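A closer look at the structure
Chain by chain, the residues:
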Amino acid sequence: MTIESSWAKALGNRLKSDKMVRLFRSVEEVYEHNQKTVFPSRENLFKAFELCPFTNVKVVIIGQDPYPTRGHAHGLSFSVDSSVINLPRSLRNIFKELCADVHCEMPIQGDLSHWAKQGVLLINTVLTVEEGLPGSHAHLGWHHFTDPVIEVINQNHQSVVFMLWGNKAKMVGDQIDASKHLVLHAPHPSPLSAYQGFFGCKHFSKANQFLVKQGKAPIQW
């Protein structure tokens, strides 16, 4: 399993730790030997890192785990393949908040690759899932990978915007230095919690205002 070169360099020896090696071995096993289909496809597992190299990171959006529906997950948190017609409800809520916040037109498809290419790292706390079984790979220990990813961003970058949606993302954010970065919290955009504070959070405009103040180009959401 290989990750984009700038991320491999940033993570360094962390990739060789016993916990990381055991994690990747377990992931290889579920792809090769699990009777159920695993999402995303193996070639898209680290797509978020390929589209957003370490040196480009300006915003981090943390999800929970990939969509367990066939044809949806493609390696970016909350994003779906451009061929998906009926968007997941969480993504529809994200787009509703986006349009209300920055007054744009409702996106017609759910592939967020154009965000990633501008420096938005779209990662989940768990990077794999079995078809039809949300949360099914939480036991694999993906935090041994995602925690170091957040750690190297926190330590080596300045003025990154972290959008933490939901309790699991908030837990990951506990290690972020808020004196160096902008940390934005909101409930998860799922239908169960979006009306409890995700709608109206204005994270997209707040992120761009912060980036501009830091002399960085805003994200074209």
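Since the model is a prediction, treat every value here as computed from it, not as a measurement.

1. Considering the sheet that holds strand β2 (residues 59-63)
Strand-to-strand pairing in sheets goes through backbone hydrogen bonds, with the strands running parallel or antiparallel. Strand order across the open sheet formed by 4 strands is β3-β2-β5-β6, with parallel pairing between neighbours. Each edge of the sheet is formed by a strand with only one pairing partner; in this case those strands are β3 (120-124) and β6 (182-186). Across the sheet, the axes of successive neighbouring strands diverge by a mean angle of 15°, strand direction being ignored. Of the pairings in the sheet, the one linking strand β5 (residues 161-165) to β6 comprises 5 bridges and is parallel in character. Note that in β6 the partner of F162 across the bridge is V183. Across the sheet, helix α8 (residues 203-213) is in contact with β2, β5 and β6; its angle to β5 comes to roughly 165°.

2. Quick word on the nonpolar core
Counting 71 residues, the largest nonpolar core has F49 and F145 as its most contacted members. When residues of this core are assigned to their parent elements, the largest contribution, 6 residues, is made by helix α2 (residues 18-33). Residue contacts for F49: discarding those within four places in its chain leaves I3, E4, W7, L121, I123, L127, F145 and V149.

What counts, and where the lines are drawn
- The residue numbering used here restarts from 1 in each chain and proceeds along that chain's sequence as written.
- Where totals are concerned, whole chains, interfaces and linings use all residues; where local detail is concerned, this predicted model gives features only for residues with pLDDT of at least 70, and gives and counts side-chain atom pairs only at 80 or more.
- The basis for the side-chain values is all heavy atoms of the structure; hydrogens and waters are excluded.
- Pairing between strands requires that DSSP locate at least two bridges from one strand to the other.
- A helix here means a DSSP run of H or I that spans at least four residues, while a strand means a run of E at least two residues long, and both kinds are numbered starting from the N terminus.
- Convention adopted: a line fitted to C-alpha atoms gives each axis, helices being fitted over their contacting stretch, and angles between N-to-C directions are expressed from 0 to 180 degrees.
- Contacts are assigned to residue pairs with any non-hydrogen atoms lying within 4.5 Å of each other.
- Joining through side-chain atoms within 4.5 Å is the link that ties buried Ala, Val, Leu, Ile, Met, Phe, Trp, Tyr and Cys residues into a set, and such a set is a nonpolar core.
- Think of it in three bands: residues with accessible area under 20% of the maximum for their type are buried, residues over 50% are exposed, and the middle band is partly exposed, with areas taken using a 1.4 Å probe on protein chains only.

None of the figures reported here should be taken as evidence of function without further support.
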